[in-house]
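Residue-level structure breakdown
If you want the building blocks of each chain, they are given just below.
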Amino acid sequence: MTERLYYHDSFLYSFDARVLETTEREGRIAVVLDQTAFYPTSGGQVHDTGKLVLNDGREVAVAETAGEEDGRIFHFTAGPVEPGQTIRGVVDSARRRDHMQQHSGQHVLSAAFVRLFEVPTVSFHMGAESCTIDLAVKSLTADQVTRAELLANEIVTEDRAVNIRFVSLEEARQLALRKLPPKQTGQLRLIDIVDFDLTACGGTHVRSTGQIGAILVRKIENVKQGVRIEFVCGLRAVATARQDYLTLTQAAGLFSAHIRELPQQIEKSIQESKATGKIQYKLLEELAELYGERLLAQASPPRTVTRFFAERDATFIKLLAQKLTALQPDVTALLASGSGQLSLVFAQSPGMKGNMGQLMKEAMAKLGGRGGGSADMAQGGLPARTADSAQIEDVLREMAVRLKPAI
Ligand SMILES: [Zn+2]
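The present account deals with the structure reproduced in this document.

Calculation rules
- Residues numbered from 1 in each chain as written.
- Predicted model: local features only at pLDDT ≥ 70, side-chain atom pairs only at ≥ 80, totals over all residues.
- Heavy atoms only, no water.
- Helix = DSSP H or I, 4+ residues; strand = E, 2+ residues; numbered from the N terminus.
- Polar contact = N/O pair within 3.5 Å; in protein donor to acceptor, adjacent residues only side chain to side chain.
- Contact = heavy atoms within 4.5 Å.
- Donors = N, O, S within 2.8 Å, 3.2 Å for Na, K, Ca; no water.
- Buried < 20%, exposed > 50% of the residue type's maximum accessible area, 1.4 Å probe, protein only.
- Pairing = 2+ DSSP bridges.
- Right-handed = clockwise from strand over helix to strand, strands pointing away.
- Phe/Tyr/Trp six-rings, centres within 6.5 Å; stacked < 30°, edge-to-face > 60°.
- Lys NZ or Arg CZ within 6 Å of the ring centre and 35° of its normal.

**Some thoughts on the side chain of Ser-104**
Structurally, Ser-104 can be placed in helix α1 (residues 93–117). Polar side-chain contacts of Ser-104 include one of 2.8 Å to the side chain of His-205. What Ser-104 contacts, discounting residues up to four positions off in sequence, is His-205, Val-206 and Ile-212.

Written as structure tokens, this is what we have:
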């Protein structure tokens, strides 16, 4: 069993220890020490990293720390470590401080939800960028979450002491803990945020709430087990706020607006874009009608219009096909467009005897695309440039020839 030094002092970053054994776990070197300040992943908090300084002066990096069922702690090292020697362990203090800020911040935030709304936390996850807690409640309003965030930050500014206590299970039962651990044997380690929160926890924590820094809620999400709150604390909160501000400033620059005006600016831009789209569609419709009249004036009945529009898109040829077949009762339109996805539209005036759906299937079989439709109107598309314009024009002509006997 490894003596856990971090249980008593979360700020111990450097320590001496004896190497008890060096073993192998899933192809990695795992070093067991008689005591350690390295925190192994557990209780939502992620593991420490750092290095071991060996007695010959060599340094080996500790990439991960993990706890075993039997109480041993594995330090996964980048190189071999001879058992029996005394080493110096050095924990990555910046990483540890960040973890302490997130974990203590989580205790404060979870307690705030209990205090204000009697909503318990059922799980805690610490990610590389942000943390989450899952709350056992069906829903929470944005206002409730803001109130919990405010209370949590008030507790931070009050700079309350955060104490570590060890009690028996019997004593713990008398203490109205926020949470009891699932495994209840021996002594319980309690984290006591004076007059605010008392809970069983094996994690590393700050000395007073002021060291947490800001607690910033990022996202509220409904999940299966309740409501998930994403948050960041301490220097992460500063980095996140900085990144958000840069993003907003960049976006505001595009609109030549202040960041506070962004929602209205974006809304206005969306409305303008929708209005422009409508005008564009109307113009396209008018153009299709004029184009249709011109094409029909050149053809004699029964009229088959075969045309590939390299610079037009599927919307235009569909509109044109609709106009052509509505203008005269004897029109078959076999159209293709090359702008955007290569598209084909086949259409005939209502009441004609052809089968555009069938014809489209044949054309697609030749061109390697997918399509179909009704007897009067069919559409098809080709995946990224599988055919060139000459091939498409050939197929259109071939389909026109095939039509002739049917009309
Ligand atoms: Zn905890």
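**Side note on the coordination of the zinc ion**
In the first shell of the zinc ion, the protein supplies His-103 (NE2), His-107 (NE2) and Cys-201 (SG), at 2.1 to 2.3 Å from the metal. Within one chain, the residues serving as donors to the zinc ion are arranged as H-x3-H-x93-C. Separated by 94 residues along the polypeptide, His-107 in helix α1 and Cys-201 in the loop between β13 (197–200) and β14 (215–223) bring together distant segments of the chain. There is no split in this pair, since His-107 and Cys-201 are both buried.

**Remarks on the pairing of strand β17 (residues 331–337)**
Counted residue by residue, β17 has 7 buried out of 7 residues, so it is predominantly covered. Residues Val-331, Ala-333, Leu-335 and Ser-337 line one face of β17 and the alternating positions Thr-332, Leu-334 and Ala-336 line the opposite face, and both faces are buried. Taken together, the 7 bridges between strand β16 (residues 303–309) and β17 define a ladder with parallel strand orientation. Bridging across to β17, Val-305 finds its partner in Ala-333. On the question of chirality, the crossover connecting β16 to the parallel β17 by way of helix α6 (residues 314–327) is right-handed. Of the strand pairs in this sheet, β17 and strand β18 (residues 342–348) are connected by 6 bridges, and their pairing is antiparallel. Pairing of Leu-334 across the sheet is with Phe-346, part of β18.

**Regarding the packing of aromatic side chains**
Tallying each qualifying case throughout the model produces 9 aromatic pairs. Their ring planes at 75 degrees and their centres at 5.3 Å tell us that Tyr-6 and Tyr-7 sit as a pair that is edge-to-face. Overall, Tyr-6 belongs to the buried group, its relative accessible area being 1%. With relative accessibility at 25%, the residue Tyr-7 sits in the partly exposed group. Their ring planes at 75 degrees and their centres at 5.9 Å tell us that Phe-15 and Phe-38 sit as a pair that is edge-to-face. Of the two residues, Phe-15 sits in strand β2 (residues 14–25) while Phe-38 sits in the loop between β4 (35–36) and β5 (50–53), which places them 23 residues apart along the sequence. Phe-38 matches Phe-15 in its accessibility class, with the two residues each being buried. Among the aromatic side chains, those forming a connected cluster through ring pairs are Tyr-6, Tyr-7, Tyr-39 and Phe-166. Residue placement shows Arg-294 over the ring face of Tyr-291; its charged tip is 5.3 Å from the ring centre.

That's the geometry; what it means functionally is another story.
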